[in-house]
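Now for the letters of each chain:
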Amino acid sequence: LLDRCHHLYYLHFTDTTQHRLDIVLISHNNYSALILSSIHGITTLSHQTTIMKSIYTALSLLLLSTGASAKDYDYSDYINAAEPTEEGSILLLGDSWAAIAGDYAANICGLSNSRLVTNDAKSGTTAAQWAEGETAVGSMEKAEYDYEYVWLSLGGNDFLDNKCDIDISEEVAANIVTVIGHIVDNSPNEDIKILYFGYSVPSDDVCGNGITAQLFEEQGAIIFEAIKASAYADYVTTFDISEMFVKWGNGGLSDSYYYYDEIHLNQMGYLHLFSSYKVQRFFGCSAAQTIELKGISAVVEGKDNPSHLAGTVITALLGLVMGVIGLVLAVNFIKRKLAMRNSSAKVDLLEPDERAETGDYVVVKEEKAVMA
């Protein structure tokens, strides 16, 4: 149910509502199943009656409106809050996107589970440099652990250094496949898992002419197809994050709130990225750990962003109003049921010929028989 509802509330709710849901899952663990089943029932169970949908809505929104008491996390606590274990160890390879993320990757599954992370990414490097110099071979040879996971981030600098020339995308893709081969062929772990999701669209029109978003998405698609068609496809998980931070009405560009410059994510951006469902699933995080990390992301984001805080207040007010309406409907429904149950009248149909004319019903009162 949790897996299904991740998709549902991403699809059907605004960011603010999504964050409120996450906070409730943290603050009210006993109610999490009720909230999720209620949301699921409202959006998918068409056979539910109007009154039941109203009750589901009331319960969900009332619980959502009480989520403000979630623990006020200090973002600095997110980094290395627990002793790391070698299980699920992670190796970061590639360019600055991976290099900057090292501190946050350790707690990819939340504060209660810290992974061993080796960050061997190098800012400013290209896929061509990694392929030609066999850089990944050296990274695997000096590895301290039998890493279970590798996050590879390459191709962005190749693209930008060539002024966003889409014609080089196939060459870049081939170099990335070569690097993946170096990782797989030199890893002591035969079951190594590699993650490649490319890049989110920049927060500024770095390619010019208003087509940055289009070009980044096209390059990503070419790279994904090359990886899937390669001999190493079974080792690599790919998914597209190009639109993860896109702001509506911003020309297809990402929201600068998540970036410290036009290309690189800031702390909030990485926390939002790592708490996403697909990333959590790849790194083997449990459902409870996913909820924990998403809850931290929601609380921190609501605290740091005034617009999200305003949305939280509005959501709480709407939740209370809808809750009252739902309860009133429920009470009226129960009253009608009780009234019908307590009635001592018998309801019989009219004669067939009369029924055909009127379609009405007649109430026949019960009378005691009287002896003549």
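Residues numbered from 1 in each chain as written. Predicted model: local features only at pLDDT ≥ 70, side-chain atom pairs only at ≥ 80, totals over all residues. Heavy atoms only, no water.

J.: Got a minute to help me understand the overall build of the chain in this structure?
T.: Assigned secondary structure in the chain consists of 16 helices and seven strands. Scored against the burial criterion, the 372 residues of the chain give a buried share of 48%. Sequence separation of 24 or more characterises 76% of the internal contacts of the chain that already satisfy a separation of 6 or more. Looking at the chain as shown, the accessible area adds up to about 19200 Å², and 53% of this sits on carbon and sulfur atoms. (Helix = DSSP H or I, 4+ residues; strand = E, 2+ residues; numbered from the N terminus. Buried < 20%, exposed > 50% of the residue type's maximum accessible area, 1.4 Å probe, protein only. Contact = heavy atoms within 4.5 Å. Areas by Shrake-Rupley, 256 points an atom, 1.4 Å probe, with all protein chains shown as cover.)

J.: Mind showing me how you'd approach the pattern of salt bridges here?
T.: Note on pairing: side chains with opposite charge can pair once their charged atoms come close. With the rule as written, the count across this model stands at three salt bridges. The salt bridge partner of Glu148 is Lys193, with a shortest N-O separation of 3.8 Å. Of this pair, Glu148 sits in the loop between helix H8 (135–141) and strand S3 (149–153) while Lys193 sits in strand S4 (residues 193–196), placing them 45 residues apart in sequence. Residues participating in the shared-partner salt-bridge network are Asp120, Lys122 and Lys142. (Salt bridge = Lys/Arg side-chain N within 4 Å of Asp/Glu carboxyl O.)

J.: What exactly am I supposed to notice about the side chain of His264 here?
T.: Within the element layout of this structure, His264 appears in the loop between strand S5 (236–238) and helix H12 (267–274). Exposure remark for His264: the relative accessible area of 15% places this residue in the buried category. Here His264 is in contact with Ser96, Trp97, Ile100 and Tyr259, once residues within four sequence places are set aside.

J.: I tried to follow the packing of aromatic side chains on my own but got confused; where do I start?
T.: Centre distance and the angle of the planes are the two values used to describe a pair of aromatic rings. With the rule as written, the count across this model stands at 15 aromatic pairs. Look at Phe245 and Tyr259: their rings are 6.1 Å apart centre to centre, the planes differ by 85 degrees, and that puts the pair in the edge-to-face class. Highlighted residues: Phe245 in the loop between S5 and H12 and Tyr259 in the loop between S5 and H12, separated in sequence by 14 residues. Each member of the pair Phe245 and Tyr259 is classed as buried. An aromatic cluster is built from Trp97, Trp151, Phe197, Tyr199, Phe239, Tyr270 and Phe274, whose rings are joined through pairwise contacts. (Phe/Tyr/Trp six-rings, centres within 6.5 Å; stacked < 30°, edge-to-face > 60°.)

J.: Any chance you could explain the nonpolar core here in plain terms?
T.: Within the largest apolar cluster, 59 residues are counted, with the highest numbers of intra-cluster contacts made by Trp97, Trp151, Leu152, Ile176, Leu273 and Phe274. Top contributing element to this core by residue count: helix H10 (residues 169–186), with eight residues. Here Trp151 is in contact with Leu91, Leu92, Leu93, Trp97, Ala98, Ala101, Leu195, Phe197, Tyr270 and Phe274, once residues within four sequence places are set aside. Of all hydrophobic cores here, the second largest spans five residues; its members include Phe159, Cys164, Cys207 and Leu215. (Core = buried A, V, L, I, M, F, W, Y, C linked by side-chain atoms within 4.5 Å.)

J.: Hey, could you run me through H12 in this one?
T.: Helical geometry note: an α-helix holds 3.6 residues per turn, so side chains three or four residues apart project in the same direction. The element H12 is largely enclosed, with a buried count of seven among its eight residues. Inspection of H12 places Met268, Gly269, Tyr270, Leu271, His272, Leu273 and Phe274 among the buried residues, and these make up the whole buried set. Looking at where H12 begins, the residue whose side-chain oxygen comes 3.1 Å from the main-chain nitrogen of Met268 is Asn266. (Polar contact = N/O pair within 3.5 Å; in protein donor to acceptor, adjacent residues only side chain to side chain.)

J.: Got a minute to help me understand the state of the cysteines in this structure?
T.: Note on terminology: a disulfide is the covalent bond linking the sulfur atoms of two cysteines. Evaluated as defined, the whole model comprises one disulfide. Across the disulfide, Cys164 is cross-linked to Cys207 (sulfur-sulfur distance 2.0 Å). In this structure the cystine formed by Cys164 and Cys207 twists about its S-S bond by roughly -75 degrees; its chirality is therefore left-handed. Taken as a pair, Cys164 in the loop between helix H9 (156–161) and H10 and Cys207 in the loop between S4 and helix H11 (212–228) lie far apart in primary sequence, 43 residues in all. You can call Cys164 buried: its relative accessible area is 6%. (Disulfide = S-S within 2.5 Å.)

J.: Help me out: how do you make sense of the pairing of S4 in this one?
T.: Looking along a regular strand, one sees side chains alternate from face to face of the sheet. Note that S3 and S4 share three bridges and pair parallel. Paired with Trp151 across the bridge in S4 is Leu195. Bridging between S4 and S5 involves three bridges; their strand directions are parallel. Bridging from a neighbouring strand, Ile194 pairs with Val236 of S5. (Pairing = 2+ DSSP bridges.)

J.: What's the story with a nonpolar patch on the surface in this structure? I'm lost.
T.: Where nonpolar side chains cluster on the molecular surface, the patch consists of Val321, Met322, Ile325 and Leu329 and spans about 310 Å² of accessible area. Position of Met322 relative to the elements: it lies in helix H15 (residues 306–342). (Patch = residues over 30% accessible without salt bridge, like charges linked within 9 Å, V, L, I, M, F, W, Y side chains within 5 Å.)

J.: In this structure, what is going on with the packing of H10 against H11? I would like to understand it.
T.: Look at H10 against H11: their axes get within 9 Å of each other, and the N-to-C directions meet at 40 degrees. As the angle between them shows, H10 and H11 are arranged oblique. For the crossing formed where H10 meets H11, the hand is right-handed. Facing H10, whose interface residues are Ser169, Glu170, Val172, Ala173, Ile176, Val177 and Ile180, H11 presents Gln219, Ile222, Ile223, Ala226 and Ile227. A breakdown of the residues in the contact of H10 with H11 according to their chemical character gives nine nonpolar, two polar and one charged. (Axes fitted to C-alpha atoms, helices over the stretch in contact; angles between N-to-C directions. Parallel < 35°, antiparallel > 145°, perpendicular 65-115°, else oblique. Left-handed = near helix turned anticlockwise from the far one by under 90°. Nonpolar A, V, L, I, M, F, W, Y, C, P; charged D, E, K, R; others polar.)

J.: What is the right way to look at unusual backbone geometry in this model?
T.: Both trends apply: most residues other than glycine have a negative phi, and most peptide bonds are in trans. Despite not being glycine, Glu134 has its phi angle at roughly 50 degrees, a positive value. Following the sequence through the fold, Glu134 ends up in the loop between helix H7 (127–132) and H8. Here the phi dihedral of Cys164 falls at roughly 60 degrees; this positive angle occurs in a residue that is not glycine.

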